[in-house]
Amino acid sequence: MRHLIDPLDFNMEETGRLLELAASILQRPGDYAHCCDGKILATLFFEPSTRTRLSFESAMLRLGGQVLGFSSAGSSSASKGESVADTIRMISGYADITAMRHFKEGAPFVAARYSKIPVVNAGDGGHQHPTQTLTDLFTIRRKRGEIGNLTIGLCGDLKFGRTVHSLIKSLVRYENVRFVLISPEELRTPGYIVKEVLEPSGHSFNEARKIEEVMPELDVLYMTRVQRERFFNEEDYVRLKDSYILTPEKLKRAKKDLVIMHPLPRVNEIDQLVDEDPRAMYFEQARGGVFVRMALILALLGIVPDVLVE
């Protein structure tokens, strides 16, 4: 039995096969419409979510399976003090696979230790978000034809942004990837990501404070929101929330084939006028997440063989 807790739980070959399966599902969804007949996905979301939870549910339903679960900690027995370990033991008897989002870093890892069914980390605090990373890789591959040989600008909240941390950990495995880390001083990339991931990888990276200065260099621009829920001080959030706003004016210096991405939700860090730009891929990115999660469910349940190596 395999779990997906960290983006590196799958090696590069497995990741490639998973993305190929997602592309196949996107092209021929009808071929997979009954693959999960009789299977149940449990969505255990101890933290609010729209895209991730609904895309998991959409994925299972499109495969012919069923879904059960809850969408907040307040509607679960966690509000009564039940542990993650006890919750997953109980859910293992109700479902065939589970997707868990939790506000505490490491909670899905704990769940996997006690689970009798595959556990997918759907986001744990400010730590990891591996299925978003797979979706991001899928988008880059579709739009550029490959994942390596690019300069990517990661912009916004790089301190608390779990999508950014997961994406960096995955991209350093590919050749010739250069990172431009764009953030205010207070939201810089955490030291452990720099010291344990970027520096040992040997990939080039640099920090920037103004998006305009580095825009012409970028092949991919990955925007993120400043996350209110990660701040302890409301004044700090208000001061930093509008640090970077992408506008058509700022994009005038960008490459014609730039890929603009965002894990969503967007607050105001991308002007709505940018939505009309053909380089804006964030809504297509979100749609692709359904096919990626369909592929992941099939792989973890062993319904499509030879995707993951035992």
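Everything discussed here concerns the structure shown above.
Residues numbered from 1 in each chain as written. Predicted model: local features only at pLDDT ≥ 70, side-chain atom pairs only at ≥ 80, totals over all residues. Heavy atoms only, no water.

Caption draft 1: Representation of the packing of aromatic side chains in the model. Following the criterion strictly, the structure yields 1 aromatic pair and no others. Centroid distance Tyr282 to Phe283: 5.2 Å. Interplanar angle 65°. Geometry classified as edge-to-face. Residue classification places Tyr282 among the buried positions, given a relative accessible area of 1%. The ring of Phe56 carries the charged tip of Arg293 above its face, separated from the ring centre by 5.1 Å. (Phe/Tyr/Trp six-rings, centres within 6.5 Å; stacked < 30°, edge-to-face > 60°. Buried < 20%, exposed > 50% of the residue type's maximum accessible area, 1.4 Å probe, protein only. Lys NZ or Arg CZ within 6 Å of the ring centre and 35° of its normal.)

Caption draft 2: Region of interest: empty space enclosed by the protein. Taken as a whole and judged by the stated rule, the model has 2 cavities of 30 Å³ or more. The space that makes up the largest cavity amounts to roughly 50 Å³. In terms of lining, the largest cavity is formed by Leu4, Pro7, Phe10, Thr15, Pro130, Thr133, Leu134, Leu137, Ser170 and Arg173. Residues of the lining of the largest cavity, tallied by class, amount to 6 nonpolar, 3 polar and 1 charged. (1 Å grid on protein atoms, 1.4 Å probe; cavity = no way out; pocket = protein on both sides within 12 Å on 5 of 7 lines; lining within 4 Å. Points joined across faces, edges and corners; volume = space filled by probe spheres on them. Nonpolar A, V, L, I, M, F, W, Y, C, P; charged D, E, K, R; others polar.)

Caption draft 3: Layout of helix α4 (residues 107-114). Turning to α4, its buried residues are Ala107, Pro108, Ala111 and Ala112. Buried residues along α4 cover an arc of 140° about the axis, so they all sit on one side. Away from the buried face of α4 by more than 90 degrees, exposed residues Phe109 and Arg113 are located. Residues of α4 that are buried sit in contact with α3 (84-91), β3 (97-102) and β4 (119-124). (Helix = DSSP H or I, 4+ residues; strand = E, 2+ residues; numbered from the N terminus. Arc of directions from axis to C-beta. Contact = heavy atoms within 4.5 Å.)

Caption draft 4: Up close: the packing of α3 against α4. Contact pair α3 / α4: the axes reach a minimum separation of 8 Å and the direction vectors enclose 50°. Put simply, α3 runs oblique to α4. As α3 runs across α4, the sense of the crossing is right-handed. Each of Val84, Ala85, Ile88 and Arg89 in α3 lies in contact with α4, whose residues at this interface are Ala107, Val110, Ala111 and Tyr114. Here the contact of α3 with α4 is composed, by residue class, of 7 nonpolar, no polar and 1 charged. (Axes fitted to C-alpha atoms, helices over the stretch in contact; angles between N-to-C directions. Parallel < 35°, antiparallel > 145°, perpendicular 65-115°, else oblique. Left-handed = near helix turned anticlockwise from the far one by under 90°.)

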